[in-house]
Amino acid sequence: MRLAGARVLVTGASSGIGAATALELSARGARLVLSGRDQEALAGVAARTGGQVVPADLSDPSADLAVRAGPVDVLVACAGEGWSGPLARMPGGTAERMIAVNLTAHVRLTRLLLPGMLERGRGHLVYVASIAGAVGVREEAVYAATKAGLLAFAESLRYELPAVDANGNGVGVTSVVPGVVDTAFFARRGRPYTRRRPAPVPPERVARAIAAAVERDRAEVYVPAWLRLPARLHGAAPGAFRLLARRFGRP
């Protein structure tokens, strides 16, 4: 799909990967609808991109983001929350909020926006997941589960929706699987990232991968690309992967 002139809804657009993606898509000529909770930060992104601001708390089931956003050609689902620590110590309500923001809200948005894409005969859906959803991560069980759900949701939609043809007709679906990204996410989850390796990648790198995936109709993108290897190892030899994870994973 050509991004120039396309109307794109970006959730989580106030910071991190979402804000970087908004800037990248704007540079490629997209018309943006920017959603997030931080209205001041959203206004700053809108000032740099010319995007339309539609604030929304995706944990609220009554949020009418799809209605306020209007018809869109592309959905980029970036919004997400995390929490790190032993599951038994997780505060009440934290799991429910993460599931609502990371997974349920984007399933709902897709259900509401997809009929318009199908009626127009074209569109693209992008789901920003995480390597945690592909392999699991110690002390991030709920976060990993929400991202795994997003990956399975995207994979299932690919079988259901009409594939994009040579003329750009059809609805593309892309899963984006980032590793460690240099954003405020880790501080917000309650535990900063302290490992030297793998080194965090800048959010702009993920944003470029998202833009290229939409333009080239890529089904799956890992950022950085080498993350495909542990994901494939986990699928092909889960026992061996678990041994390595225990040996080299976070203590």
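Residues numbered from 1 in each chain as written. Predicted model: local features only at pLDDT ≥ 70, side-chain atom pairs only at ≥ 80, totals over all residues. Heavy atoms only, no water.

Novice: Can you tell me about the overall build of the protein, naming the residues and giving the values?
Specialist: Looking only at helices and strands, the protein features ten helices and seven strands. For 251 residues, the compact-globule formula gives about 18 Å, and the C-alpha radius of gyration of the protein, at 18 Å, lands near that figure. In terms of overall dimensions, the protein has C-alpha extents of about 50 × 40 × 30 Å along its principal axes. Contacts spanning at least 24 positions in sequence make up 66% of the contacts within the protein whose residues lie at least 6 apart. Surface exposure of the protein reaches about 12,100 Å², of which carbon and sulfur atoms provide 55%. The centroid of the 32 positive side-chain charges in the protein is displaced by 8 Å from the centroid of its 20 negative side-chain charges. (Helix = DSSP H or I, 4+ residues; strand = E, 2+ residues; numbered from the N terminus. Rg over C-alpha atoms; globule rule 2.2 N^0.38 Å. Contact = heavy atoms within 4.5 Å. Areas by Shrake-Rupley, 256 points an atom, 1.4 Å probe, with all protein chains shown as cover. Lys, Arg positive; Asp, Glu negative; His and termini not counted. Charge placed at Lys NZ, Arg CZ, Asp CG, Glu CD.)

Novice: Which residues make up unusual backbone geometry, and what are the values?
Specialist: Cis geometry marks the peptide bond from Val223 to Pro224; its omega dihedral reads -5°. Mapped onto the fold, Pro224 is located in the loop between strand E7 (220-223) and helix H9 (228-236). Although it is not a glycine, Glu139 sits at a positive phi angle of roughly 60°. Here Glu139 is to be found in the loop between helix H5 (131-135) and helix H6 (141-160).

Novice: Can you break down the nonpolar core residue by residue, with the values?
Specialist: Among the nonpolar cores identified, the biggest contains 32 residues, and Val8, Leu25 and Val76 are the most heavily contacted of them. Put simply, the parts of the chain that give this core at least two residues each are strand E1 (7-11), helix H1 (16-27), strand E2 (31-34), helix H2 (39-49), strand E4 (74-77), strand E5 (122-128), helix H8 (203-216) and E7. The biggest single contributor to this core is H8, with six residues. If near-sequence neighbours (up to four positions away) are discounted, Val76 is found in contact with Val8, Leu9, Val10, Thr11, Thr21, Leu25, Val126 and Ile210. In terms of nonpolar packing, the next biggest core, distinct from the first, is built from 28 residues, Leu65, Ala105, Tyr127 and Ala154 among them. (Core = buried A, V, L, I, M, F, W, Y, C linked by side-chain atoms within 4.5 Å. Buried < 20%, exposed > 50% of the residue type's maximum accessible area, 1.4 Å probe, protein only.)

Novice: I'd like to hear about H1, residue by residue, with values.
Specialist: For H1, with twelve residues, the first-to-last C-alpha span of 17 Å sits near the 16 Å given by 1.5 Å per residue. Residues of H1 that are buried: Ile17, Gly18, Ala19, Ala20, Thr21, Ala22, Glu24 and Leu25. Positive phi shows up at Gly29, right after H1, with a value of about 95°. (Expected span 1.5 Å × (residues − 1).)

Novice: So, the sheet that holds strand E3 (residues 52-53): which residues are in play, and what are the values?
Specialist: Reading across the sheet, the seven strands line up as E3-E2-E1-E4-E5-E6-E7 and stay open at both edges, with parallel pairing between neighbours. Here the strands that pair on one side only, and so sit at the sheet edges, are E3 and E7. Pairing analysis gives four bridges linking E1 to E2, with the strands arranged parallel. Looking at E2, one finds that Val10 is bridged to Leu34. (Pairing = 2+ DSSP bridges.)

Novice: Run through the packing of H1 against H8, naming residues and quoting values.
Specialist: Describing two packed helices takes the angle between their axes plus the distance from one axis to the other. Following both chains from N to C, one finds H1 and H8 inclined at 55°, their axes separated by 8 Å at the closest point. On the basis of the axis angle, H1 is oblique to H8. Seen from above, H1 lies across H8 with right-handed handedness. Residues Gly16, Ile17, Ala20, Thr21, Glu24 and Leu25 of H1 lie in contact with H8, whose contacting residues are Pro203, Glu204, Val206, Ala207, Arg208, Ile210 and Ala211. Taken together, the residues of the contact of H1 with H8 break down into eight nonpolar, two polar and three charged. (Axes fitted to C-alpha atoms, helices over the stretch in contact; angles between N-to-C directions. Parallel < 35°, antiparallel > 145°, perpendicular 65-115°, else oblique. Left-handed = near helix turned anticlockwise from the far one by under 90°. Nonpolar A, V, L, I, M, F, W, Y, C, P; charged D, E, K, R; others polar.)

Novice: Mind laying out the side chain of Arg7, listing which residues take part and the relevant values?
Specialist: Relative to the helices and strands, Arg7 resides in strand E1. Asp73 provides the closest opposite charge to the buried, salt-bridge-free Arg7, at an N-O distance of 6.9 Å. There is a polar contact of 2.8 Å between the side chain of Arg7 and the backbone oxygen of Pro71. When neighbours within four sequence positions are excluded, Arg7 is seen to be in contact with Arg31, Val33, Gln52, Ala69, Pro71, Val72, Asp73 and Val74. (Salt bridge = Lys/Arg side-chain N within 4 Å of Asp/Glu carboxyl O. Polar contact = N/O pair within 3.5 Å; in protein donor to acceptor, adjacent residues only side chain to side chain.)

Novice: Give me the lowdown on the environment of Leu34, citing residues and values where you can.
Specialist: Its place among the elements puts Leu34 in strand E2. Residue classification places Leu34 among the buried positions, given a relative accessible area of 0%. C-alpha separation for the pair Leu34 and Pro55, spaced 21 residues apart in sequence, amounts to 7.6 Å. Here Leu34 is in contact with Val10, Ala13, Ala22, Leu42, Val45, Ala46, Thr49, Gly51, Gln52, Val53 and Val54, once residues within four sequence places are set aside.

Novice: I'd love a proper account of H2, names of residues and values included.
Specialist: Listing the buried residues of H2 in full gives Leu42, Val45, Ala46 and Thr49. Down the axis of H2, the buried side of the element spans an arc of 100°, and every buried residue falls inside it. Across H2 from its buried face, at more than 90 degrees, point the exposed residues Glu40, Ala47 and Arg48. At its buried positions, H2 is contacted by H1, E2 and E3. At the N-terminal end of H2, a side-chain oxygen is found 3.2 Å from the backbone nitrogen of Glu40, two or three residues along, and the residue is Asp38. (Arc of directions from axis to C-beta.)

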